[in-house]
Amino acid sequence: MIEITGRKPIRKAVFPVAGLGTRFLPATKAIPKEMLPIIDRPLIQYAVDEAREAGIEQLIFVTGRGKVSIVEHFDTAFELEATMTGRGKQLDVLDATRIQPGNLVTVRQQVPLGLGHAIWCARAIVGDEPFAIFLPDELMIGSPGCMKQMVEAYNQVGGNLISVLEVPHNQVSSYGVIKPGARVAEDLTEVLGLVEKPKEDEAPSNLIISGRYILQPEVMRTLENQGKGAGGEIQLTDAMARMIGGQPFHAVTFAGRRYDCGSKAGFVEATLELALAREDMAKDARALIRRLAAQID
Ligand code: G1P
């Protein structure tokens, strides 16, 4: 990646994927939730595609027990490829799963102590450079993608950035919420404060953190002594909140669509909308949705 602004480029991304996925049981008993497909690509693939579009080279997966298939997905499948080649089949369908050797690294989060702890587990691999974080449950679709848009903003303002979006007030207690400050550009707002999972009447706004971050490496040192927060977990939001004031902190409003694939309804919504948007599926999807809609009174 060419460095135009003198800022250190964002080359690394952390994907916390150690969660148990209990909301999708029994589907997630033996399969990581990140491997559940939206049409024909596992959820994690969408996040990885978004990262690569933004110029990110190294993928750091914070995994746990039972998550090996995520790594397998991005490995070379020798037997599969040899068999397909022998049968004269094209392999380009596997292109998105190819990672340059050395560019996928895993670390284990041995105990589920929270998102902040998961990120901290990657500290030695992140080292002393700014890095991105993707929460794969949050599926972001747009052109440019959410992280690409954030990297462009980072090139202008530097420091720390998070993606935000508006939700109805009665949903804020499920998320990290920002206290917005001055608007710097149409899609860029200063962040004055952050609260993880506030009560509806105590939330500083209805702008929630939507699962994409660009953070300075100092966050790792802040996480080092971060006490437990909401839900008794070590919260990334709390560590970020302590960095405000010391370093620039901005929120990017993503100019695209977001699906909360941590919920079943969000998963179905993403599946239907992406099917409608895909050339190879749009016709069938339209017919199907019309037929289903006609059955609803
Ligand atoms: C996490 C973050 C929260 C963010 C949310 C987005 O919460 O802690 O700040 O708004 O992801 O999905 P979790 O969903 O892990 O409870």
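Let me sum up the structure you'll find in this document. For clarity, every value in this text was computed on a predicted model and none was experimentally measured. (Residues numbered from 1 in each chain as written. Predicted model: local features only at pLDDT ≥ 70, side-chain atom pairs only at ≥ 80, totals over all residues. Heavy atoms only, no water.)

**Some remarks on the packing of helix 9 (residues 264-277) against helix 10 (residues 282-294)**
Here comes step 1: For the pair helix 9 and helix 10, interaxial distance at closest approach is 7 Å and the crossing angle is 130°. One way to sum up the angle between helix 9 and helix 10 is to call them oblique. Judged by the sense of rotation from one axis to the other, the crossing of helix 9 with helix 10 is left-handed. For the pair helix 9 and helix 10, contact is made by Leu-272, Ala-275 and Leu-276 and by Ala-282, Ala-285, Arg-286 and Ile-289, respectively.
Here comes step 2: Residue composition of the contact of helix 9 with helix 10, grouped by class: six nonpolar, no polar and one charged. (Axes fitted to C-alpha atoms, helices over the stretch in contact; angles between N-to-C directions. Helix = DSSP H or I, 4+ residues; strand = E, 2+ residues; numbered from the N terminus. Parallel < 35°, antiparallel > 145°, perpendicular 65-115°, else oblique. Left-handed = near helix turned anticlockwise from the far one by under 90°. Contact = heavy atoms within 4.5 Å. Nonpolar A, V, L, I, M, F, W, Y, C, P; charged D, E, K, R; others polar.)

**What to know about a nonpolar patch on the surface**
Here comes step 1: Together, Val-268, Leu-272, Leu-288 and Leu-292 make up an exposed nonpolar region whose accessible area comes to about 300 Å².
Here comes step 2: Contributing elements (two or more residues each) for the nonpolar patch: helix 9 and helix 10.
Here comes step 3: As for its placement among the helices and strands, Leu-292 is situated in helix 10. (Patch = residues over 30% accessible without salt bridge, like charges linked within 9 Å, V, L, I, M, F, W, Y side chains within 5 Å. Areas by Shrake-Rupley, 256 points an atom, 1.4 Å probe, with all protein chains shown as cover. Salt bridge = Lys/Arg side-chain N within 4 Å of Asp/Glu carboxyl O.)

**Re the site of the ligand**
Here comes step 1: What surrounds the ligand is the set Leu-115, Leu-135, Glu-138, Tyr-175, Gly-176, Glu-196, Lys-197, Ile-209, Tyr-213, Gln-235 and Thr-237.
Here comes step 2: Residue Glu-196 places a side-chain N or O atom 2.7 Å away from an oxygen atom belonging to the ligand.
Here comes step 3: A distance of 2.6 Å is found between an oxygen atom of the ligand and a side-chain nitrogen or oxygen belonging to Lys-197.
Here comes step 4: Isolated, the ligand exposes 380 Å² of accessible area, and the fraction of that covered by the protein chains is 77%. (Near = heavy atom within 4 Å. Polar contact = N/O pair within 3.5 Å; in protein donor to acceptor, adjacent residues only side chain to side chain.)

**Examining the layout of surface pockets**
Here comes step 1: A volume near 1400 Å³ is recorded for the largest pocket.
Here comes step 2: Of all elements in the fold, only helix 4 (115-120) and strand 11 (207-215) reach the threshold of two or more residues within the lining of the largest pocket.
Here comes step 3: For the lining of the largest pocket, the element with the highest residue contribution is strand 11, accounting for four residues.
Here comes step 4: Grouping the constituent residues of the lining of the largest pocket by class yields 15 nonpolar, 16 polar and eleven charged. (1 Å grid on protein atoms, 1.4 Å probe; cavity = no way out; pocket = protein on both sides within 12 Å on 5 of 7 lines; lining within 4 Å. Points joined across faces, edges and corners; volume = space filled by probe spheres on them.)

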